[in-house]
Amino acid sequence: NRSVFDGTTQLEAFQVSAIILPDDQRSEIPELVGVKSWKVFLAYYDLASSDTLPVQEQSLLLFDNGVVSEINLNFGDFSVTGKLVEFEAGKLPECE
């Protein structure tokens, strides 16, 4: 558990609980095949409340290169789900 400020609400900070598990599913995106990934689960709690239920939950599939191919944001009253359907890797800049 950690206190974090994410800038999305008027609350000063959230208490966040995280669970990170290795993932061994094969990606449908060719550029991500064989790239190590993790399932990440985050629960955000209002520090000013004694409520034991989170005010927001997030789950995502995070790859070693920073790409997120699946995300679910649950705000209680509504949720948003996203899935990566196309990926184009940019070229690395040349250093002089």
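Since this is a predicted model, take the numbers as computed values, not measurements.

1. What to know about the packing of aromatic side chains
Then, number 1: In this structure the tally under the stated criterion is two aromatic pairs.
Then, number 2: On the numbers, 5.5 Å between centres and 80 degrees between planes, the contact of Phe 14 with Tyr 44 is edge-to-face. Of this pair, Phe 14 sits in strand β2 (residues 14-23) while Tyr 44 sits in strand β3 (residues 37-46); the two residues are 30 residues apart in sequence, bridging distant segments of the chain. As far as the burial class goes, Phe 14 and Tyr 44 line up, both buried.
Then, number 3: With 5.0 Å between their ring centres and 25 degrees between their planes, Phe 75 and Phe 78 make a pair best called stacked.
Then, number 4: When its relative accessible area of 33% is taken as the criterion, Phe 75 is described as partly exposed.

2. A closer look at the side chain of Ser 27
Then, number 1: Position of Ser 27 relative to the elements: it lies in the loop between β2 and β3.
Then, number 2: Looking at Ser 27, its side chain comes within polar contact range of the main-chain nitrogen of Ile 29, at 3.0 Å.
Then, number 3: In this structure, Ser 27 is in contact with Leu 32, Val 33 and Phe 63, ignoring residues within four places of it in sequence.

3. Notes on the environment of Asn 65
Then, number 1: Its location among the elements puts Asn 65 in the loop between β4 (56-63) and β5 (68-74).
Then, number 2: Each C-alpha atom of the pair Asn 65 and Val 35 lies 7.7 Å from the other, and the pair is 30 residues apart in sequence.
Then, number 3: At 3.2 Å, the side chain of Asn 65 forms a polar contact with the backbone nitrogen of Val 67.

Calculation criteria
Residues numbered from 1 in each chain as written. Predicted model: local features only at pLDDT ≥ 70, side-chain atom pairs only at ≥ 80, totals over all residues. Heavy atoms only, no water. Phe/Tyr/Trp six-rings, centres within 6.5 Å; stacked < 30°, edge-to-face > 60°. Helix = DSSP H or I, 4+ residues; strand = E, 2+ residues; numbered from the N terminus. Buried < 20%, exposed > 50% of the residue type's maximum accessible area, 1.4 Å probe, protein only. Polar contact = N/O pair within 3.5 Å; in protein donor to acceptor, adjacent residues only side chain to side chain. Contact = heavy atoms within 4.5 Å.

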